[in-house]
Amino acid sequence: MKNSHRRKVLSLVIAATLLPSFHAISAPDNDYPNRSIKLVIPFPAGGSTDAMARNLGPALGKVLGQSIVIENKSGASGTVGADFVAKAAPDGYTLLMGTLHLTIAQSVFPKLNYRIDKDLIPIGTVGMIPNVVVVNASIPANNIKELVALSKVNSDKYDYASVGPGSAHHLIGEMFKIKTGASLTHIPYRGSAPAVVDLLGGQISVMFDTIPSALPHIKDGKTKALAVTTAKRSSTLPNVPTLIESGIAIDVGTWNGLMAPAGTDQAIIDKLNRAIVTVLSDPEMRKQLQALGIEPMPSTPAELKVRISKEIVDYSNLVKELKLSVE
């Protein structure tokens, strides 16, 4: 009886000792978030990914009850910012605005220090953005056929800007050249904003930019929109034909979605996903994004994971075909 009593007392003591530890582990999940959240944009301020994040951030912070602090970490087609988040603490307080550029970059940059499908966890898609073929207003081309013909006649005169080697802008440009025979030299930049500055200044002839970044200048008449890159016309630019309508078999759009460092608790991922869905269900927010040329497209973490996995395979094959590689 004495031994039995001692064992019972010892069990109670052990249980009492472990109890605070159990609460300490689970408390962050229950309390999350209890401070501001950093949202890393892997491109400079002023681009479409940045515009989406800055429109989404305040509403997302309101739903979560904490402020969303936007931080731009640009370079190497978005991989500098992605690498930073991949190495951050997996506590839900450092997130990434992921994008199509990063799945392409996985194949273009063979020496990346992270993998988007292993070191980062999908939270959910935010929206889809069509790219648009824009030219400086002084370029004497009003449609894709005229642009291609002009570049062939002046093979050393025309170039196109991208947001960096291995970006969607770059890959679309190379696909365009292969399918049309256009003579365009690739000029990489550290993000959309500086590339657009040179496009407006006439230092660059063409850009396969995203609609949010290109739209203000199209409206002002400083650039001309010749075609959108998705199979369906953009509701923001309904009078601009698609590349497919222009006789070029290209159907590409740029998605944006939130991601977190691998190891982040599933309860945090799920809470963030619910917050995204809540924000994007608001008619005013949807209208706000659509006015920028962004089609709201909330998804589950699993759906974004499937998209990323498929794109890694698809773009890996395309990158091999185009023989693109950046050391």
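Residues numbered from 1 in each chain as written. Predicted model: local features only at pLDDT ≥ 70, side-chain atom pairs only at ≥ 80, totals over all residues. Heavy atoms only, no water.

A. Spotlight on the nonpolar core. Membership of the largest hydrophobic core comes to 50 residues, with the highest contact counts inside it found for L120, I144 and F176. Ranked by the residues each element gives to this core, the list is headed by helix α11 (residues 301–322), at seven residues. Formed by 28 residues, the second largest nonpolar core is a distinct cluster that contains Y93, L95, A260 and M285. (Core = buried A, V, L, I, M, F, W, Y, C linked by side-chain atoms within 4.5 Å. Buried < 20%, exposed > 50% of the residue type's maximum accessible area, 1.4 Å probe, protein only. Helix = DSSP H or I, 4+ residues; strand = E, 2+ residues; numbered from the N terminus.)

B. The arrangement of the confidence of the model for the protein in detail. Averaged over every residue, the pLDDT of the protein is 88; the share at 70 or more is 90%. Across residues 7–28, where pLDDT falls below 50, the model places zero contacts with residues more than four positions away in sequence or in other chains. (pLDDT = per-residue confidence, 0-100. Contact = heavy atoms within 4.5 Å.)

C. Just the packing of helix α6 (residues 168–180) against α11, in detail. Where α6 meets α11, the closest approach of the two axes is 11 Å, and the angle between their N-to-C directions is 55 degrees. Overall, the two elements α6 and α11 adopt an arrangement that is oblique. Between α6 and α11 lies a crossing whose hand is left-handed. Across the interface between the two elements, L171, E174, M175 and I178 of α6 pack against Y315, L318, V319 and L322 of α11. Of the residues that constitute the contact of α6 with α11, the class distribution is seven nonpolar, no polar and one charged. (Axes fitted to C-alpha atoms, helices over the stretch in contact; angles between N-to-C directions. Parallel < 35°, antiparallel > 145°, perpendicular 65-115°, else oblique. Left-handed = near helix turned anticlockwise from the far one by under 90°. Nonpolar A, V, L, I, M, F, W, Y, C, P; charged D, E, K, R; others polar.)

D. Representation of the pattern of salt bridges. Scanning the entire structure with this criterion turns up 10 salt bridges. Where K87 meets D83, a salt bridge forms, and the shortest distance between an N and an O atom there is 2.5 Å. Overall, K87 belongs to the exposed group, its relative accessible area being 53%. Among the salt bridges present, the one from R115 reaches D117, with a minimum N-O distance of 2.9 Å. Since its relative accessible area comes to 31%, R115 is described here as partly exposed. Its relative accessible area of 32% is what places D117 among the partly exposed residues. (Salt bridge = Lys/Arg side-chain N within 4 Å of Asp/Glu carboxyl O.)

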